Every structure is written in C-alpha cells, then in structure tokens.
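Spelled out, the chains give:
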Amino acid sequence: SDSVDLSLLQALANVDRVLSLQAHQYKIYTSQPDLVRKQLLTLAVAHNLNVVSLQTEGDSLEQVFRSLTTRN
C-alpha cells in the first residue's frame, strides 16, 4: 500500500501543519477540526483511501488522521 502524499493533506483548507507519525498515521494541526474532518473524508473518497480512524486531541486544536491507504 502507498503512503498518503503529505501535500494532499497540507493542501486542505484550515490545515496549519501535517506530521507523518508512522506508517499510515498522520497528525494534522488545525483550529477547525470539524471542517477538516469533513474535508478528510471527502479526500479519502476522491482518492480511494480507507480511513481507519479519526481522533481529535487536546483543546480541539489537533486532529489525528489515521489512514490505511490501500486502494480498492
């Protein structure tokens, strides 16, 4: 399976910063977690990615995007 291109995540509106934590796990910094969550799901559908989990951390300012990137 391929990794998600970080530029896809960084290009989302309201995303301040993206870190690759480990294989298929990313931390996205945002002040708009609800909007970014919707954008991530749209991105996943558009690029045929399987989202395993989405979690919000700390003061709703950071969102973790965990994704298996297996193409269906």
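Engineer: Even after reading the chapter, I still don't get the overall build of the protein chain, so can you show me in this structure?
Structural biologist: Scanning the protein chain from terminus to terminus reveals three helices and four strands. Element order for the protein chain, N to C, with α for helix and β for strand: α-β-β-α-β-α-β. Residue burial in the protein chain is summarised as follows: out of 72 residues, 33% are buried. For the protein chain, restricting intrachain contacts to residue pairs at least 6 apart in sequence, the fraction spanning at least 24 positions comes to 40%. As presented, the protein chain carries roughly 4,200 Å² of accessible surface, and 48% of it is formed by carbon and sulfur atoms.

Engineer: Looking at this structure, I do not really get the side chain of threonine 30. What am I missing?
Structural biologist: Relative to the assigned elements, threonine 30 resides in strand S2 (residues 25-30). Residue threonine 30 is classed as buried on the basis of its relative accessible area of 2%. From its side chain, threonine 30 meets the backbone nitrogen of glutamine 32 in a polar contact 2.9 Å long.

Engineer: Any chance you could explain the environment of leucine 19 here in plain terms?
Structural biologist: Mapped onto the elements of the fold, leucine 19 is located in strand S1 (residues 15-22). Residue leucine 19 is classed as partly exposed on the basis of its relative accessible area of 32%. Sequence-wise, leucine 19 and tyrosine 29 are ten residues apart; in three dimensions their C-alpha atoms are separated by 8.4 Å. In this structure leucine 19 touches Gln25, Tyr26, Lys27 and Tyr29, once residues within four positions along its chain are discounted.

Engineer: What's the story with the environment of alanine 44 in this structure? I'm lost.
Structural biologist: Secondary-structure assignment places alanine 44 in helix H2 (residues 33-46). The spatial distance from the C-alpha of alanine 44 to the C-alpha of valine 4 is 9.8 Å, given a sequence separation of 40 residues. Apart from residues no more than four positions distant in its own chain, alanine 44 is found in contact with Leu49 and Val51.

Engineer: Help me understand H2 in this model?
Structural biologist: Every α-helix winds through 3.6 residues per turn, so residues three or four apart in the chain are directed the same way. A rise of 1.5 Å per residue sets the reference length of H2, with its 14 residues, at 20 Å; its end C-alpha atoms lie 20 Å apart and thus fit the reference within 8%. Every buried residue belonging to H2 is among Pro33, Val36, Leu40, Leu43 and Ala44, and all of these are buried. Buried positions in H2, seen along its axis, are confined to an arc of 100° and lie on one side of it. Structural note: H2 exposes Asp34, Lys38, Thr42, Val45 and Ala46 on the side pointing more than 90 degrees away from its buried face. Positive phi appears at asparagine 48, one or two residues downstream of H2, with a value of about 55°.

About the cut-offs
Residues numbered from 1 in each chain as written. Predicted model: local features only at pLDDT ≥ 70, side-chain atom pairs only at ≥ 80, totals over all residues. Heavy atoms only, no water. Helix = DSSP H or I, 4+ residues; strand = E, 2+ residues; numbered from the N terminus. Buried < 20%, exposed > 50% of the residue type's maximum accessible area, 1.4 Å probe, protein only. Contact = heavy atoms within 4.5 Å. Areas by Shrake-Rupley, 256 points an atom, 1.4 Å probe, with all protein chains shown as cover. Polar contact = N/O pair within 3.5 Å; in protein donor to acceptor, adjacent residues only side chain to side chain. Expected span 1.5 Å × (residues − 1). Arc of directions from axis to C-beta.

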